Protein chains: 2
Amino acid sequence: MTHFVLLSGGLDSTTLLRWLRGHYSEEPIEAVTILYGQKHAVELEAAGRVARHYGVTHQTLGLPPISGSALTDAGRDVPRGRDLDELAGVAPTYVPARNLFFIAAVASLADARGPGVIWLGVHRDDYSGYPDCRPGFIAAADQAVRMGTQHQIRVRAPFVDWSKADILRWGLEHQVAYELTHSCYQGTQPACGECDTCQARLRAFAEAGAADPLSYAATVE
Amino acid sequence: MTHFVLLSGGLDSTTLLRWLRGHYSEEPIEAVTILYGQKHAVELEAAGRVARHYGVTHQTLGLPPISGSALTDAGRDVPRGRDLDELAGVAPTYVPARNLFFIAAVASLADARGPGVIWLGVHRDDYSGYPDCRPGFIAAADQAVRMGTQHQIRVRAPFVDWSKADILRWGLEHQVAYELTHSCYQGTQPACGECDTCQARLRAFAEAGAADPLSYAATVE
């Protein structure tokens, strides 16, 4: 059984990789990073660092650019300085059907090889803004992949009911190498500190009572 | 509501396009042909002819090549001269997770635009050799796409319980332009007449009591 982890190089998927190393230490683990036209493709470098750190195979897979998102469309800015407590509806950073597209791409790789599981680091704080991060979607995708592959590939998201702070607390207890990660949607270094994901990351560190090892250009009060 | 049809340029998907033209004449229909490393990419030309004939928008979408199939791997020959009544198990021409990958790619396109339906021409004769052509898969993919998209995109396969001969009979009654289509897995012109899909097509024409307008290099007795 091969374990394929969708690794963006951010906090959630890096923690997931560490989690998999703990739970499936005897089985092959492979990290896959997807290029889909994201502006913050700098995350590819972080994913490479993280995969090397944890000693797993790493490959990148290029999909046709996905349009319709602030993360991919040149004419749409990534939102900055939004109040995370006031967000409603689908996020402007939602990428149309991204998670299903990623899952299907990895299912093709996996099913050509043999039995396997596809792992995602989606979590509870993503529910409201991202339809493809909800438990119902994960369960449905698992069924679709299982039924649509010769080796009955499965889909798992062990953090789906955790908050980002829960993930971080688990990761801090297990010495996850957060200094290697990258989260910022702007793709800047230092991280912008103002986009939704920088804010969510900083809030998780604050809730966990820990300091983020990354540098930030600004912070939102 | 936009209707996206996965058009290979073969008998099944061409009939489906005609069926959609009849059932949704007032709504936009768009054909999408996927390149996934198939040896018989000549089908792209047939798909273009068919789309023009039916006056629908046509686009091609390039995915990373899918390995693990006689249709895509350079080192594996497309089987010829097999007895269609003696086949068992997953077909050597099964392409790992192809239909889910195609559906997810079109779901991304569709969900960036608004409400839509993705249509596939899969049918009953494909069940045994292709797990991703079965009714259970289509139902599961429909749920996964519906739950993983902001516009609740749907997946439909109206021929899923039909035989290929049923599809052909319907198409002949509706003057489908079968002379524009291409089915052969070898990708040769004239068609080889000996691969599984040439044989299945010739058998369907025989069952329907009609003559196939295409030329064949050989036939299997």
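Here's a quick rundown of the structure.

**Re the packing of aromatic side chains**
Within this structure, the stated rule accounts for 13 aromatic pairs over all chains. Taking the centre distance of 6.0 Å and the plane angle of 65° together, the rings of A:F101 and B:F101 count as edge-to-face. Here A:F101, found in helix α3 (residues 98-111), pairs with B:F101, found in helix α3 (residues 98-111), and the two come from separate chains. B:F101 shares its class with A:F101; the two are buried. Within the aromatic cluster, the residues linked to one another by ring pairs are A:W19, A:Y24, A:W119, A:F159 and A:W162.

**Let's talk about the pattern of salt bridges**
Summed over the entire model, instances satisfying the criterion amount to 20 salt bridges over all chains. A salt bridge links A:D12 to A:K164; the nearest nitrogen and oxygen atoms lie 3.1 Å apart. In this pair, A:D12 is assigned in helix α1 (residues 11-23) and A:K164 in helix α5 (residues 164-173), connecting sequence segments 152 residues apart. With respect to class, A:D12 is no different from A:K164; both count as buried. Measuring nitrogen to oxygen at the nearest pair gives 3.2 Å for the salt bridge that ties B:R156 to B:D142. Of this pair, B:R156 sits in strand β5 (residues 154-156) while B:D142 sits in helix α4 (residues 135-147), and the two are 14 residues apart along the sequence. Through salt bridges with shared partners, one network takes in A:D142, A:R154 and A:R156.

**Considerations on the environment of B:W19**
Residue and element names in this part refer to chain B. Counting through the fold element by element, W19 comes out in helix α1 (residues 11-23). For W19, a relative accessible area of 12% corresponds to the buried category. If near-sequence neighbours (up to four positions away) are discounted, W19 is found in contact with Y24, W119, P158, F159 and W170.

**Description of the packing of α1(B) against helix α5 (residues 164-173) of chain B**
Residue and element names in this part refer to chain B. Direction vectors running N to C along α1 and α5 enclose 45°, while the axes themselves pass 10 Å from each other. One element, α1, and the other, α5, form an angle in the oblique class. The handedness of the crossing between α1 and α5 comes out as left-handed. Along the contact surface, α1 presents L11, D12, T15, R18 and W19, while α5 presents K164, I167, L168, W170 and G171. Looking at side-chain class alone, the contact of α1 with α5 contains five nonpolar, two polar and three charged residues.

**Some points on α3(A)**
Over its 14 residues, α3(A) runs 20 Å from end to end, which matches the ideal 20 Å to within 8%, given 1.5 Å per residue. Across the 14 residues of α3(A), 13 count as buried, placing the element largely inside the fold.

**A word on the pairing of strand β1 (residues 2-6) of chain B**
All names here are of chain B. Judged by how many residues are buried, β1 sits mostly within the fold: five of five residues are covered. Here β1 shows no split at all, with T2, F4 and L6 on one side and H3 and V5 on the other all buried. Looking at chain direction, β1 and strand β4 (residues 116-119) are connected through four bridges and run parallel. Counterpart to H3 in the pairing with β4 is V117. Both β1 and strand β2 (residues 29-35) contribute to a ladder of four bridges, which runs parallel. Within β2, the position partnered with L6 by the bridge is V32. As a crossover connection, the stretch from β1 through α1 into β2 is right-handed.

**Section: the relation of the copies chain A and chain B**
Superposition record for chain A on chain B: RMSD 0.0 Å, screw rotation 180°, translation along axis 0.0 Å. Here the two chains are linked by the operation of a two-fold rotation axis. Both copies contact each other with a shared surface, as 100% of the interface residues of chain A are interface residues in chain B too.

**Looking at the sheet that holds β1(B)**
Residues and elements named next belong to chain B. Spatial strand order, β3-β2-β1-β4-β5: five strands in an open sheet with parallel pairing. Each edge of the open sheet is held by one strand with a lone partner, namely β3 (57-62) and β5. The average undirected angle you get between the axes of adjacent strands in this sheet is 25°. Here β4 runs beside β5; their pairing, made up of three bridges, is parallel. Within β5, the residue paired with W119 across the bridge is R156. The sheet strands contacting α1 are β1, β2 and β4, and the helix crosses β1 at an angle near 165°.

**Brief notes about the interface of chain A and chain B**
The interface is formed by 33 residues belonging to chain A together with 33 residues belonging to chain B. Linking chain A to chain B there are zero salt bridges. Where chain A packs against chain B, one counts eight residue pairs in polar contact (both at pLDDT 80 or more). Mapped by element, the contributors of at least two residues to the side of chain A that touches chain B are β3 (57-62), α3 and α4 (135-147) of chain A. Grouping the amino acids of the side of chain A that touches chain B by side-chain chemistry returns 21 nonpolar, nine polar and three charged.

**Some words on the side chain of B:D73**
Residue and element names in this part refer to chain B. Positionally, D73 belongs in the loop between β3 and α3. By relative accessible area, which is 19% here, D73 ends up buried. Leaving out residues up to four positions away in the same chain, D73 has contacts with K39, S67 and G68.

What counts, and where the lines are drawn
- Counting starts from 1 at the beginning of each chain's written sequence and moves along it residue by residue.
- For naming, the first written chain is A and the first written ligand is 1, with later ones following in the order written.
- Predicted model: local features are reported for residues with pLDDT of at least 70 only, side-chain atom pairs are reported and counted for 80 or more only, and whole-chain, interface and lining totals are derived from all residues.
- Hydrogens and water molecules were not included; the side-chain quantities draw on all heavy atoms of the structure.
- Stacked, edge-to-face and tilted labels apply to pairs of Phe, Tyr and Trp rings (six-membered ring for Trp) whose centres lie within 6.5 Å, assigned for plane angles under 30 degrees, over 60, and everything in between, in that order.
- Runs of H or I in DSSP of at least four residues are treated as helices and runs of E of at least two as strands, each being numbered from the N terminus.
- Per-residue accessibility, obtained with a 1.4 Å probe over protein chains only, is compared with the maximum for each type, and a residue is labelled buried under 20%, exposed over 50%, and partly exposed between these values.
- Each salt bridge in this description consists of a side-chain nitrogen of Lys or Arg and a carboxyl oxygen of Asp or Glu lying within 4 Å of one another.
- Whether two residues touch is decided by their heavy atoms; if any such pair falls within 4.5 Å, the residues are in contact.
- Between N-to-C directions, angles cover 0 to 180 degrees, with each direction set by a line fitted to C-alpha atoms, over the stretch in contact for helices.
- Should an angle fall under 35 degrees it is called roughly parallel, over 145 degrees roughly antiparallel, and 65 to 115 degrees roughly perpendicular, with every other angle called oblique.
- Handedness of a crossing is defined here by the sense of rotation of the near helix relative to the far one, left-handed for an anticlockwise turn of less than a right angle and right-handed for a clockwise turn.
- The classification used treats Ala, Val, Leu, Ile, Met, Phe, Trp, Tyr, Cys and Pro as nonpolar, Asp, Glu, Lys and Arg as charged, and all other residues, Gly among them, as polar.
- The span expected for a helix works out to 1.5 Å for each residue beyond the first.
- At least two bridges found by DSSP between two strands are what make those strands a pair.
- With the strands aimed away from the viewer, a crossover counts as right-handed if its path from the first strand over the helix to the second runs clockwise.
- When the copies are superposed, the least-squares fit draws on C-alpha atoms of residues that have pLDDT of at least 70 in both.
- N or O atoms closer than or at 3.5 Å make up a polar contact, with two conditions inside protein: a donor-capable atom paired with an acceptor-capable one, and, for residues adjacent in sequence, both atoms drawn from side chains.

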